[in-house]
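Structural characterization, general
One letter stands for each residue in the lines below.
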Amino acid sequence: MKFGPLKFYLMTFLLCFSAMSAYAQSDAASAQDLFKARCVLCHGDDGKGATALGKQMKASDLNSSKVQLQKNAVLKQVITNGKGNMPPFGATLSDDQISQLLKYVRTFAKKH
């Protein structure tokens with residue numbers, strides 16, 4: 001099958017776009033998996049902190065403006081070093097994983 005230059009570029013673009021889209025979806029899925037593995041017990045699937053343990057530990061509501069208005073550097077520091085009853089994850093998660101968690105936490109602002 002012979003492709004002209006326009007069709008070739010269009011096919012290349014579509015292949016690249018679908019690969020980027022699949023990568024973004026897998027990145028989001030891995031962030032959600034990290035959240036489920038490390039955070040759901042206290043913060044819950046919805047991030048509100050309304051689980052039994054979350055209430056006991058006074059987990060922050062990740063949907064709240066108090067959390068969502070924090071700068072990325074501050075939230076990254078909290079995930080890395082812990083704060084109050086929240087344990088630190090810096091020794092068990094890579095910088096990339098912490099950044100993924102931060103991006104996932106930011107999605108709770110859009111769920112109001």
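Residues numbered from 1 in each chain as written. Predicted model: local features only at pLDDT ≥ 70, side-chain atom pairs only at ≥ 80, totals over all residues. Heavy atoms only, no water.

1. Thoughts on the environment of Leu 53
We count it as follows: Helix and strand labels come from DSSP, where a helix needs a run of H or I of at least four residues and a strand needs a run of E of at least two; each type is numbered from the N terminus. Residues are treated as being in contact if the distance between any of their heavy atoms lies within 4.5 Å.
Tracing the sequence through the fold places Leu 53 in helix H3 (residues 52–57). On a C-alpha basis, the gap between Leu 53 and Val 40 in space is 9.9 Å, while along the polypeptide they are 13 residues apart. Once you skip the residues sitting within four places of it in the chain, Leu 53 turns out to touch Leu 41 and Cys 42.

2. Re the packing of aromatic side chains
Here is the rule: Ring pairs shown here join Phe, Tyr and Trp side chains whose ring centres sit within 6.5 Å, with only the six-membered ring taken for Trp; geometry is labelled stacked below 30 degrees between planes, edge-to-face above 60, and tilted in between.
Inspection of every chain in the model, using the stated rule, returns three aromatic pairs. When the ring of Phe 35 is compared with that of Phe 108, the centres are 5.3 Å apart and the planes differ by 50 degrees; the resulting orientation is tilted. Taken together, the positions of Phe 35 in helix H1 (residues 5–38) and Phe 108 in the segment after helix H6 (95–107) put the pair 73 residues apart, joining distant regions of the chain. By way of ring pairs, the aromatic residues Phe 35, Tyr 104 and Phe 108 are connected into one cluster.

3. Things to note about the packing of helix H5 (residues 72–81) against H6
To keep things clear, this is the line we draw: Angles run from 0 to 180 degrees between N-to-C directions of axes, and those axes are lines fitted to C-alpha atoms, restricted for helices to the stretch in contact. By definition in this entry, angles of less than 35 degrees are roughly parallel, angles greater than 145 are roughly antiparallel, angles of 65 to 115 are roughly perpendicular, and the rest are oblique. Handedness of a helix crossing follows the sense of rotation of the near helix relative to the far helix, less than a right angle counterclockwise being left-handed and clockwise being right-handed. Polar here means any residue outside two lists: the nonpolar Ala, Val, Leu, Ile, Met, Phe, Trp, Tyr, Cys and Pro, and the charged Asp, Glu, Lys and Arg; Gly therefore counts as polar.
In the contact formed by H5 and H6, the axes pass within 10 Å of each other and the chain directions differ by 120 degrees. Taken as axis vectors, H5 and H6 run oblique relative to one another. Seen from above, H5 lies across H6 with right-handed handedness. In this structure, H5 uses Asn 72, Leu 75, Lys 76, Ile 79 and Thr 80 to contact H6, whose residues at the interface are Asp 95, Ile 98, Ser 99, Leu 101, Leu 102 and Arg 106. Class assignment for the residues of the contact of H5 with H6 results in five nonpolar, three polar and three charged.

4. Observations regarding the confidence of the model for the chain
Cut-off, in case you're wondering: The quantity called pLDDT is the predictor's confidence in a given residue, expressed from 0 to 100.
Of the residues in the chain, 72% reach a pLDDT of 70 or more, and the chain-wide mean stands at 82. Per-element confidence in the chain ranges from a low mean pLDDT of 58 for H1 to a high of 98 for H5.

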